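Take a look at the letters that make up each chain.
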Amino acid sequence: MALELYLDLFSQPARSVYIFAKINNIKFDFKKITLFAGEQYGDEYGKINMMRKVPAMRDGEFYLAESIAIMMYLSEKFQTPDHWYPTDIQKRARVNEYLSWQHTAVRMHGTRVFWLRLMIPKMLGEEVPKDKMAAALEDLDGSLQLIEEKFLQDRPFIAGNDISLADLVAIVEIMQPVGSGLDVFEKRPKLSGWRNRVRAAIGPELFDEAHQIILSAQEMVKSMDGSTLQPFKPKILRLFL
Amino acid sequence: MPLELYLDLFSQPCRSVYIFAKKNNIPFDFKQTSLMLGDQHGEEFGKINMMRKVPAMRDGEFCLSESIAMMMYMVEKFKTPDHWYPADLQKRARVNEYLAWQHGEIRMHGSKMFWVNVMVPKIMGKEVPQDKRDDAVEDLNRSLKMIEEKFLQDKPFIAGDQISLADLVAIVEIVQPLAAGVDVFEGRPKLSAWKDRVRQKIGPELFDEAHKGVMGAMEVVKALDSSKLQGFKPRIQKMFF
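Here the structure is a predicted model, which is why all the values come from computation and not from measurement.

**Q** Kindly report on the nonpolar core, identifying the contributing residues and their values.
**A** Ranked by size, the top nonpolar core spans 168 residues in total, and within it A:Y98, B:Y98, B:L165 and B:I174 carry the most contacts. Each residue touching B:L165, except ones within four places of it in the same chain, is listed here: B:F20, B:M71, B:M72, B:V75, B:W84, B:Y85, B:V95 and B:L99. A:Y6, A:Y45, A:I48 and A:A56 belong to the second largest nonpolar core, which has six residues in total.

Put into structure tokens, the structure is as follows:
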């Protein structure tokens with residue numbers, strides 16, 4: 001029985017797991033969970049991941065949530081090339097430091113900007129107060145600045161000369177606000193240069209394929225049925241506004 | 001030159017690092033960094049950690065932030081007993097899964113209670129609006145429920161039979177709302193029993209010593225000159241108003 005990965009490529013952590021498995025030729029069954037159709041709330045999915053989030057993994061009888069835990073599991077089980085999660089103690093610490101920091105920094109702020117710019121006004125028909133939008137953009141800006149000034153500095157990748165899990169987890173999060181039409185790379189040549197290196201290291205076809213859905217989010221929202229999200233409106237507004 | 005750990009035991013991640021180092025007899029210099037006094041904004045500390053957060057570590061020329069990265073570094077460097085971060089693939093995955101999940105859940109929601117009950121009334125001279133208070137309590141309850149129902153279930157510790165980094169990181173966060181007068185253990189016998197086991201494994205003297213400061217935090221804050229705390233206002237404004 002092959003590994004099962006429960007994914008929706010709208011989701012940043014689902015993209016990092018997808019890219020990691022594909023680039024390392026890890027065989028898996030792609031189990032699509034369409035978040036905007038509420039599939040994560042189904043009975044079956046509750047048995048896979050009671051937290052009702054993606055990504056999730058099933059390896060035989062072993063179930064696992066959290067993209068970072070999943071990728072660390074895959075890197076160990078399939079003995080992926082060292083650079084993804086280096087054994088060198090200091091390089092690994094740099095990767096761990098980024099992976100830990102990003103949860104409540106770029107991940108949180110990028111997600112919020114995506115919802116405030118696109119999903120809340122376009123799908124839920126709810127206007128976003130200017131001060132909330134400004135605050136969200138300011139927070140995202142702060143995170144991107146830290147990525148450039150602390151995590152990258154003058155290195156090609158976060159851990160040094162080679163791409164690692166840190167860059168993979170970083171890039172999928174940074175692409176999320178891009179999906180809402182915000183060009184985060186404009187006026188950030190260092191970040192832009194790093195993005196190009198990451199895309200080249202992953203492989204442009206795989207990178208573009210993984211990001212096709214999020215980059216067509218603005219188009220999709222035009223034709224999406226907003227009523228499927230209405231039941232979640234109070235929860236969404238509370239989370240992001 | 002021994003390890004330097006920059007700590008303020010009011011801070012949850014500082015407590016986990018402190019307990020971990022002491023429990024494993026790792027020699028270190030305790031560098032007191034008082035958050036309420038603004039030590040994190042000093043020039044010297046900025047060179048250790050430009051993100052100006054605690055805990056931070058200096059090992060010779062190598063500086064590191066993020067408690068989880070620091071503890072994983074110490075696990076590797078000092079070859080601590082296996083149970084802290086098991087080599088077994090599935091046990092380690094369970095630990096990683098908890099460590100990833102907790103950032104945006106129990107850590108965030110547990111921290112908030114101190115702001116709601118202590119910092120905001122002191123600094124703003126008024127209470128957090130009722131609806132935001134209710135939301136904060138609801139979020140905390142949801143996180144605690146997830147810990148009992150998904151991460152613990154019927155196991156003595158998160159990864160199984162033995163204490164690991166997951167339990168250590170969990171306990172310091174769960175105790176934080178206690179410092180704000182919220183008894184998270186009331187009506188939660190499973191969580192309470194787990195807490196007792198964790199305290200026993202860590203050692204009651206070390207556990208109590210590490211938590212002594214934060215348990216008196218409410219009194220300390222009440223006695224502070226609120227004009228000196230005005231620097232927290234923008235953050236409070238963003239969080240609650």
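**Q** Describe the pairing of strand β4 (residues 62-65) of chain A, with residues and values.
**A** Residues and elements named next belong to chain A. Two elements, strand β3 (residues 56-59) and β4, share four bridges in a ladder whose sense is antiparallel. Pairing of M57 across the sheet is with L64, part of β4. Count of turn residues in the β3/β4 antiparallel hairpin: two residues, of which G60 carries a positive phi of about 65 degrees.

**Q** Give me the lowdown on the packing of helix α5 (residues 106-123) of chain A against helix α11 (residues 233-240) of chain A, citing residues and values where you can.
**A** Residues and elements named next belong to chain A. Axis separation between α5 and α11 bottoms out at 10 Å; the angle between their running directions is 130 degrees. Put simply, α5 runs oblique to α11. In this structure, the crossing between α5 and α11 has a hand that is left-handed. Contacts between α5 and α11 involve T111, R112, W115, L116 and I120 on the former and, on the latter, I236, L237 and F240. Looking at the contact of α5 with α11, its residues break down into six nonpolar, one polar and one charged.

**Q** Could you give an account of the sheet that holds strand β2 (residues 28-32) of chain B, with specific residues and numbers?
**A** Hydrogen bonds between backbone groups are what pair the strands of a sheet, and the pairing can be parallel or antiparallel. All names here are of chain B. Across the sheet, which stays open at both edges, the four strands sit in the order β2-β1-β3-β4 with mixed pairing between neighbours. Of all strands in the sheet, those with a lone pairing partner are β2 and β4 (62-65), marking the two edges. Neighbour-to-neighbour, the strand axes of this sheet turn through a mean angle of 20 degrees, independent of strand direction. Alignment of strand β1 (residues 3-7) against strand β3 (residues 56-59), held across three bridges, turns out to be antiparallel. Each residue of the ladder has a partner; that of E4, found in β3, is R58.

**Q** Tell me what's going on with the pairing of strand β2 (residues 28-32) of chain A, and back it up with residues and numbers.
**A** Residues and elements named next belong to chain A. Here strand β1 (residues 3-7) pairs with β2 via five bridges, running parallel. Looking across to β2, one finds that L7 is bridged to K32. Taken together, β1, helix α1 (residues 12-23) and β2 constitute a β-α-β crossover, and its handedness is right-handed.

**Q** Please provide a residue-by-residue account of the layout of surface pockets, values included.
**A** Considering only enclosed or pocket space, the second largest pocket measures out at about 650 Å³ in volume. In terms of lining residues, the second largest pocket is bounded by 28 residues, among which A:E76, A:Y85, A:R92, B:E76 and B:R92 are the most central. For the lining of the second largest pocket, the elements supplying multiple residues, two or more each, are α3 (67-77) and α4 (89-101) of chain A together with α3 (67-78) and α4 (89-101) of chain B. Here the lining of the second largest pocket gets five residues from one element, more than from any other, and that element is α3(B). Residues that form the lining of the second largest pocket fall into these classes: 15 nonpolar, seven polar and six charged.

**Q** Please give an account of the environment of B:R197 that cites residues and values.
**A** Residue and element names in this part refer to chain B. With respect to the secondary-structure elements, R197 resides in helix α8 (residues 189-202). Take R197: its relative accessible area is 29%, and that puts it in the partly exposed class. Ignoring any residue separated from it by four or fewer positions in sequence, one finds R197 in contact with K155, P156 and F157. A polar atom in the side chain of R197 sits 3.0 Å from the backbone oxygen of P156.

**Q** Go over the pattern of salt bridges, please, and point to the residues and values.
**A** Going through the model one piece at a time under the given rule, you end up with 29 salt bridges over all chains. When the shortest N-O distance is used, the salt bridge between B:K238 and A:D139 registers 2.7 Å. One end of the pair, B:K238, is in helix α11 (residues 233-240); the other, A:D139, is in helix α6 (residues 130-152), on a second chain. For B:E149, the salt bridge is made with B:K145, and the minimal N-O distance between the two is 3.7 Å. Linking B:E149 with B:K145, this pair stays in helix α6 (residues 130-152), spanning four residues, or about one helical turn. Accessibility expressed as a relative area gives 40% for B:E149, which makes it partly exposed. The partly exposed category is assigned to B:K145, whose relative accessible area is 48%.

**Q** Would you mind going over the interface of chain A and chain B in detail, with residue names and values included?
**A** Across the contact, 34 residues belong to chain A and 36 residues belong to chain B. Carbon and sulfur atoms supply 65% of the area buried between chain A and chain B, which totals about 3,000 Å² over both sides. Between the two partners, chain A and chain B, sit five salt bridges. Residues A:R238 and B:E138 are paired through a salt bridge, measuring 3.4 Å at the closest nitrogen-oxygen approach. Seen at the junction of chain A and chain B, the total is nine residue pairs in polar contact (both at pLDDT 80 or more). Put simply, the parts of the chain that give the side of chain A that touches chain B at least two residues each are β4, α3, α4 and α6 of chain A.

Criteria and thresholds
- Residues numbered from 1 in each chain as written.
- Chains lettered and ligands numbered in written order.
- Predicted model: local features only at pLDDT ≥ 70, side-chain atom pairs only at ≥ 80, totals over all residues.
- Heavy atoms only, no water.
- Core = buried A, V, L, I, M, F, W, Y, C linked by side-chain atoms within 4.5 Å.
- Buried < 20%, exposed > 50% of the residue type's maximum accessible area, 1.4 Å probe, protein only.
- Contact = heavy atoms within 4.5 Å.
- Pairing = 2+ DSSP bridges.
- Helix = DSSP H or I, 4+ residues; strand = E, 2+ residues; numbered from the N terminus.
- Axes fitted to C-alpha atoms, helices over the stretch in contact; angles between N-to-C directions.
- Parallel < 35°, antiparallel > 145°, perpendicular 65-115°, else oblique.
- Left-handed = near helix turned anticlockwise from the far one by under 90°.
- Nonpolar A, V, L, I, M, F, W, Y, C, P; charged D, E, K, R; others polar.
- Right-handed = clockwise from strand over helix to strand, strands pointing away.
- 1 Å grid on protein atoms, 1.4 Å probe; cavity = no way out; pocket = protein on both sides within 12 Å on 5 of 7 lines; lining within 4 Å.
- Points joined across faces, edges and corners; volume = space filled by probe spheres on them.
- Polar contact = N/O pair within 3.5 Å; in protein donor to acceptor, adjacent residues only side chain to side chain.
- Salt bridge = Lys/Arg side-chain N within 4 Å of Asp/Glu carboxyl O.
- Buried area = accessible area lost by both parts, 1.4 Å probe.

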